[in-house]
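Given next are the chains, with one letter for each unit.
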Amino acid sequence: GENVEQHPSTLSVQEGDSAVIKCTYSDSASNYFPWYKQELGKRPQLIIDIRSNVGEKKDQRIAVTLNKTAKHFSLHITETQPEDSAVYFCAGSYSGGGADGLTFGKGTHLIIQP
Amino acid sequence: NAGVTQTPKFRVLKTGQSMTLLCAQDMNHEYMYWYRQDPGMGLRLIHYSVGEGTTAKGEVPDGYNVSRLKKQNFLLGLESAAPSQTSVYFCASSRDFDQPQHFGDGTRLSIL
């Protein structure tokens, strides 16, 4: 199956600065990498995703980059705002051996300091 | 359009009691999933289903059973609740395994 490692577990940045969260994966056949944001007491919500045939994707202040050779992908948030404070999860798809789905990283608690 | 709906939202059980958590989706998704979320452990897959009448084990299936008799519903059962099953349970659904998963609001379950 897929193994997804996420770093750091906690990230504190000043409001207005950029934040970067990194994930590595083990299955070279993985082709789908979503990022979820979870606010305290709420459900995880998809914020951006990328497929293996694309190296970078942007949506306003959020971007994701993928390096297939190194098997890692990163979430970049620019001009951080207080509402960006949340836990962020990365995930990678897997398929094979009679099982398929997403494997999630353990999450990064992003704290935006005023 | 409700998306994914979970019931109940909160529940307190005594050790040894049984209960069923219900998940319903209105997006005609084939795949449905049950996760548990514990502090520092992320989302761990309990069981999942790739279509009506099918179920499969995930990463942490012990102590849980599931059923998918109708495409829109996925039930998670605890036959004999244990304190270690105290957690927040999330249901999700997706069109395929490599498509976005849509989550419900979660069920907070405490086992005393």
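Structure shown above.
Residues numbered from 1 in each chain as written. Chains lettered and ligands numbered in written order. Predicted model: local features only at pLDDT ≥ 70, side-chain atom pairs only at ≥ 80, totals over all residues. Heavy atoms only, no water.

(A) Quick peek at the packing of aromatic side chains. Under the defined criterion, the tally for this structure stands at 14 aromatic pairs over all chains. Considering the side-chain rings of B:Tyr33 and B:Tyr48, the 6.4 Å spacing of their centres and the 20° angle between planes classify their relative orientation as stacked. Here B:Tyr48 lies in strand β5 (residues 42-49) and B:Tyr33 lies in strand β4 (residues 31-38), a separation of 15 residues in the sequence. Both residues of the pair, B:Tyr33 and B:Tyr48, count as buried. The structure contains a cluster of three or more aromatic residues connected by ring pairs, namely A:Tyr36, A:Phe104, B:Tyr31, B:Tyr33, B:Tyr35, B:Tyr48, B:Phe90 and B:Phe103. (Phe/Tyr/Trp six-rings, centres within 6.5 Å; stacked < 30°, edge-to-face > 60°. Helix = DSSP H or I, 4+ residues; strand = E, 2+ residues; numbered from the N terminus. Buried < 20%, exposed > 50% of the residue type's maximum accessible area, 1.4 Å probe, protein only.)

(B) Just the environment of A:Thr10, in detail. Residue and element names in this part refer to chain A. Positionally, Thr 10 belongs in strand β2 (residues 10-14). Each C-alpha atom, one on Thr 10 and one on Ile 111, is 7.7 Å from the other, the two residues being 101 residues apart in sequence. Dropping the residues within four chain positions of it, Thr 10 is found in contact with His 109 and Ile 111. (Contact = heavy atoms within 4.5 Å.)

(C) Expanded view of the state of the cysteines. This model, assessed by the stated rule, comprises 2 disulfides over all chains. Here A:Cys23 connects covalently by a disulfide to A:Cys90, the sulfurs 1.9 Å from one another. Disulfide A:Cys23 to A:Cys90: torsion about the S-S bond roughly -100°, handedness left-handed. Taken together, the residues span a long stretch of sequence, with A:Cys23 in strand β3 (residues 19-25) and A:Cys90 in strand β9 (residues 86-96) at a distance of 67 residues. Of the two residues examined, A:Cys23 and A:Cys90, each falls in the buried class. Between the sulfur atoms of B:Cys23 and its disulfide mate B:Cys91 the distance is 1.9 Å. Across the S-S bond linking B:Cys23 and B:Cys91, the dihedral sits near -75°, which makes this disulfide left-handed. Highlighted residues: B:Cys23 in strand β3 (residues 19-25) and B:Cys91 in strand β9 (residues 87-94), separated in sequence by 68 residues. (Disulfide = S-S within 2.5 Å.)

(D) Region of interest: the interface of chain A and chain B. Listed as interface residues are 23 residues of chain A and, on the opposing side, 21 residues of chain B. Interface area lost by chain A to chain B is led by A:Arg43, A:Asp100 and A:Phe104, which between them contribute 32%. On the surface where chain A and chain B come into contact, there are 1 salt bridge. Residue B:Asp105 is joined to A:Arg43 by a salt bridge in which the shortest nitrogen-to-oxygen separation is 2.7 Å. The tally of links from chain A across to chain B stands at 8 residue pairs in polar contact (both at pLDDT 80 or more). For the side of chain A that touches chain B, the secondary structure elements donating two or more residues are β4 (32-38), β5 (45-51), β9 and β10 (99-104) of chain A. The greatest single-element share of the side of chain A that touches chain B, amounting to 5 residues, is contributed by β10(A). In terms of residue class, the side of chain A that touches chain B is built from 9 nonpolar, 8 polar and 6 charged. (Buried area = accessible area lost by both parts, 1.4 Å probe. Salt bridge = Lys/Arg side-chain N within 4 Å of Asp/Glu carboxyl O. Polar contact = N/O pair within 3.5 Å; in protein donor to acceptor, adjacent residues only side chain to side chain. Nonpolar A, V, L, I, M, F, W, Y, C, P; charged D, E, K, R; others polar.)

By themselves, these observations are geometric and do not establish any function.
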